[in-house]
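So the chains spell out like this:
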Amino acid sequence: MLLAAVRAQLRPHHPHAPAHLALLLRSCSSSSSNSPSSPSSPNKTATWRKLNRIPTSAALNPEINPPIADTSTPAPAPAPTTTTASKSTGSFFPPEIEALYRGNQRFRDAIAASPTPNVLRDLAKQGQRPPFLLLDCSDSRVGEQVIFSAEPGTLFTTGNVANQFHEHDLNSKAVLAYAVEALRVKHVIVMGHYGCGGVAAATLPPPAETGGGGPVDEWISPIRRIYETSQRPEIVRHRERRKLELELKKEGENAVTSPLPHLHDPAFRALVEENVKANVQRIARSAVIQNHYASLAAHPEHTGTGVFIHGWVYDIETGEVADLDVTVGPPGQKVPVTPFPTRT
Ligand SMILES: [Zn+2]
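Residues numbered from 1 in each chain as written. Predicted model: local features only at pLDDT ≥ 70, side-chain atom pairs only at ≥ 80, totals over all residues.

**A look at the confidence of the model for the protein**
With 71% of its residues at a pLDDT of 70 or more, the protein shows a mean pLDDT of 78. Per-residue pLDDT stays below 50 along residues 1-75; that stretch engages in 103 contacts with residues further than four places along the chain or on separate chains. Confidence over residues 77-82 falls short of pLDDT 50; this stretch has 7 contacts with residues more than four positions distant or in other chains. (pLDDT = per-residue confidence, 0-100. Contact = placed C-beta atoms within 7 Å.)

Next comes the structure, spelled out in structure tokens:
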């Protein structure tokens, strides 16, 4: 039942994909905002044909390629369910991949037209020195570079289902160590998001009660423990209601179900926030951060260079980022104030 519920919540457009893969699928809402447009110059058109290995004559065939639009007219988005393909040439343009290709073209055009057209070349030569490590969710609606309008070289990022950090997870440890010890980031940000499918699934009965289980269930088990033990009133009420539902179900009330919480459910939002707070604490207690703070204490001349760990939450409906006001910093150092609205 758990996996079925996760599937229903997380991949309404991919009903046959495995649940753990569904968590990583890109949502329609994000891809629809990235509608492709046609190449805007003859050179780009030539490159476009070359990339897809299509002869010029074939490229003019509207059955193989959509017509190249006039640069003054925005091109309509391709139909989302059709695949531009030619059996004679063996060339395929799955529309979702074509959208990425055209988006990449637009990105390069925007860099070239920006006040810093050499930013990519400069970064490639000089290396990165990002001030931030951002740990967020793999959810496609949380585009970390996009929501901050961040320049390349700003955010060192890592993500997983429900933005979790665990000391026993080698990837988590390696990313944090590299960010703190090699890149010398100034801030580590754990950013959760409302509507998180991984957090929602943690409110359902554990696999032992449903006969389910699997890597996603295992991964979200720390969030389930937060749900089971939190004293936040919204979560307590939700938990008590769910227990009642389960008892009724055991008594034969088949109509009673434990659905995934609604996006605006106060308990769901509270659990998203509590999960962020728990991960801020895990990072603060990690060997990497503890060694970093010990090193600062041993070298007073380095005071002022310590890493701060923040807990933020992103609203997928409004695009707003809020600060949960749980920042942890080097012992004795005042934590910085942020301009983001505070949510506690
Ligand atoms: Zn999520």
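**A few points about the UniProt feature "binding site: Zn(2+)" (unreviewed entry) in the protein**
According to UniProt, the positions carrying the feature "binding site: Zn(2+)" (unreviewed entry) are C137, D139, H193 and C196. For this annotated set, covering 60 residues, all C-alpha atoms fall within 8.9 Å of each other, a compact arrangement in space. Within the secondary structure, D139 is located in the loop between strand 3 (132-137) and helix 8 (144-147). The buried category is assigned to D139, around which 26 C-beta atoms lie within 10 Å. With sequence-adjacent residues up to four places away left out, D139 is seen in contact with H193 and C196. Looking at where H193 falls in the secondary structure, it is placed in strand 5 (residues 187-193). (UniProt positions renumbered as here; feature names shortened; annotations may be inferred. Helix = DSSP H or I, 4+ residues; strand = E, 2+ residues; numbered from the N terminus. Buried ≥ 20, exposed ≤ 12 C-beta atoms within 10 Å, placed from the backbone.)

**Considering the sheet that holds strand 5**
Spatially, 4-3-5-6-7 is the arrangement adopted by the 5 strands of the open sheet, whose pairing is mixed. Strands at the two margins of the open sheet, each flanked by one partner only, are strand 4 (155-160) and strand 7 (321-323). Taken pair by pair, the neighbouring strands of this sheet meet at an average axis angle of 25°, ignoring direction. Relative to strand 6 (residues 308-314), strand 5 runs parallel, the two being bridged by 7 bridges. Looking across to strand 6, one finds that H193 is bridged to Y314. In the packing of helix 15 (residues 266-285) onto the sheet, the strands contacted are strand 5 and strand 6, and the crossing angle to strand 5 comes to about 155°. (Pairing = 2+ DSSP bridges. Axes fitted to C-alpha atoms, helices over the stretch in contact; angles between N-to-C directions.)

**Structural notes on the packing of helix 14 (residues 233-250) against helix 15**
Where helix 14 contacts helix 15, the axes come no closer than 8 Å and their chain directions differ by 120°. In terms of orientation, helix 14 lies oblique with respect to helix 15. Taken as a pair, helix 14 and helix 15 cross one another with a handedness that is left-handed. Residues E234, I235, R237 and H238 of helix 14 form the contact with helix 15, whose participating residues are P266, A267, A270 and L271. Residues belonging to the contact of helix 14 with helix 15 are distributed by class as follows: 5 nonpolar, 1 polar and 2 charged. (Parallel < 35°, antiparallel > 145°, perpendicular 65-115°, else oblique. Left-handed = near helix turned anticlockwise from the far one by under 90°. Nonpolar A, V, L, I, M, F, W, Y, C, P; charged D, E, K, R; others polar.)

**Observations concerning the pairing of strand 3**
In terms of burial, strand 3 is a largely internal element, 5 of the 6 residues being buried. Relative to strand 5, strand 3 is paired through 5 bridges, and the arrangement is parallel. Residue L133 lies in a different strand from strand 5, and its bridge partner there is V188.

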